[in-house]
Amino acid sequence: MQIFGVDIGGSGIKGAPVDLDRGELTEERCKVLTPHPATPDAVADGVKEVVGHFGWTGPVGITFPGVVTGGATIRTAANVDKAWIDTDARALLGERLGGLPVTVLNDADAAGVAEMEFGAGRDRRGTVLLLTFGTGIGSALFVDGELVPNTELGHLELNGHDAEKRASTKAKEDHELTWEQWAHRVQKYLAHVEMLFSPELFIIGGGVSRKADKFLPLIEGIKAEIVPAQLQNNAGIVGAAMRAAKSA
């Protein structure tokens, strides 16, 4: 079975059809830059371009980098335009896609769902936390395989700032940090999250997971197991498609 997944991020909008039996993209993904400002209409145009690239006509799952309630309404917009807040994203994106059935969920939740089914969290019980490092820090919390949605742990305070302002991949780039310097910040963040939630497993996702060997060995003092995401930066697309299939 194939369903289309779209992952809206702070820097890019990417999507592809997904084979839900294997948890894999069936074609090379299409990616466009996230517009700036990332207003609802501008982002919706980007989503339309990605979906239209494949001539897709079925259900579409779409992630959003913020809190999504009821599978539709946007409640926070840290890394996109604030005009998104209180927008009915399902209605907007469905209309822009010509009436296709649309399902919307938090981006990290989507990545987590995919990793728990097909990736590093498969068959893992207890408390598992997936953290996506990119423009911000997304989080997906699972207890015995069940998702606790919209945790947004990237906004925990770290040294007087939102954690994602200190330890995201964007923060590494903005502050020109070495891998060692950045790993130290990530370590402090993980220690804080571990103190609050005591997970058995951290899954580190986002695009930086492709370079896990450069920073994960530098992180010390964390009791939980720490592993890179296996689906890497495709996890959000796969998870979005999974949720759309469930809704359909």
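Definitions and limits used
Residues numbered from 1 in each chain as written. Predicted model: local features only at pLDDT ≥ 70, side-chain atom pairs only at ≥ 80, totals over all residues. Heavy atoms only, no water. Helix = DSSP H or I, 4+ residues; strand = E, 2+ residues; numbered from the N terminus. Expected span 1.5 Å × (residues − 1). Buried < 20%, exposed > 50% of the residue type's maximum accessible area, 1.4 Å probe, protein only. Pairing = 2+ DSSP bridges. Axes fitted to C-alpha atoms, helices over the stretch in contact; angles between N-to-C directions. Contact = heavy atoms within 4.5 Å. Domains from an automatic or database assignment. Buried area = accessible area lost by both parts, 1.4 Å probe. Salt bridge = Lys/Arg side-chain N within 4 Å of Asp/Glu carboxyl O. Polar contact = N/O pair within 3.5 Å; in protein donor to acceptor, adjacent residues only side chain to side chain. Parallel < 35°, antiparallel > 145°, perpendicular 65-115°, else oblique. Left-handed = near helix turned anticlockwise from the far one by under 90°. Nonpolar A, V, L, I, M, F, W, Y, C, P; charged D, E, K, R; others polar.

**Q** Explain helix H6 (residues 179–197) to me, please; I cannot follow it from the model alone.
**A** Note: α-helices contain 3.6 residues per turn, so residues at a spacing of three or four share the same orientation. Helix length check: H6, at 19 residues, gives a terminal C-alpha distance of 26 Å against a target of 27 Å (1.5 Å per residue), a fit within 8%. Within H6, the full set of buried residues consists of Trp182, Ala183, Arg185, Val186, Gln187, Tyr189, Leu190, Val193 and Glu194. Residue Ser198 follows H6 closely and has a positive phi angle near 45°.

**Q** Got a minute to help me understand the sheet that holds strand E10 (residues 137–143) in this structure?
**A** To summarise the sheet geometry, strands pair through backbone hydrogen bonds and adopt either a parallel or an antiparallel arrangement. Strand order across the open sheet formed by 5 strands is E11-E10-E9-E14-E15, with mixed pairing between neighbours. Each edge of the open sheet carries a strand with a single partner, namely strand E11 (146–148) and strand E15 (225–228). Geometrically, the sheet is characterised by an average inter-axis angle of 25° between neighbouring strands, direction not taken into account. By the bridge criterion, 5 bridges tie strand E9 (residues 127–133) to strand E14 (residues 201–205) in an arrangement that is parallel. Each bridged residue has a counterpart across the sheet, and for Thr132 the counterpart in E14 is Gly205. Contacting E9, E10, E11 and E14, helix H3 (residues 107–118) crosses the sheet at an angle of about 45° to E10. Helix-sheet contacts for H6 involve E9, E10, E14 and E15, and the interaxial angle to E9 is about 150°.

**Q** What's the story with the domain arrangement of the protein chain in this structure? I'm lost.
**A** It is common to give the size of an interface as the accessible area lost on bringing the parts into contact. Taken domain by domain, the protein chain comprises domain 1 (2–109 + 234–246) and domain 2 (123–228). Computed from C-alpha coordinates alone, the two centres of domain 1 and domain 2 are separated by 23 Å. Taken residue by residue, the interface counts 12 residues in domain 1 and 14 residues in domain 2. Carbon and sulfur atoms supply 44% of the area buried between domain 1 and domain 2, which totals about 950 Å² over both sides. At the junction of domain 1 with domain 2, the criterion picks out 0 salt bridges. Taken together, domain 1 and domain 2 are joined by 4 residue pairs in polar contact (both at pLDDT 80 or more).

**Q** Is there a simple way to think about the packing of helix H1 (residues 40–53) against helix H2 (residues 89–96) in this case?
**A** For any two helices packed against each other, one specifies the inter-axial angle together with the distance between the axes. Put simply, H1 and H2 touch, their axes get as near as 9 Å, and they point 50° apart. The angle between the axes of H1 and H2 places the two elements in the oblique class. Both H1 and H2 take part in a crossing whose hand is right-handed. When H1 is examined against H2, the residues Pro40, Asp41, Ala44, Asp45, Val47 and Lys48 are found in contact with a partner set consisting of Leu92, Leu93 and Arg96. Among the residues making up the contact of H1 with H2, the classes are represented as 5 nonpolar, no polar and 4 charged.

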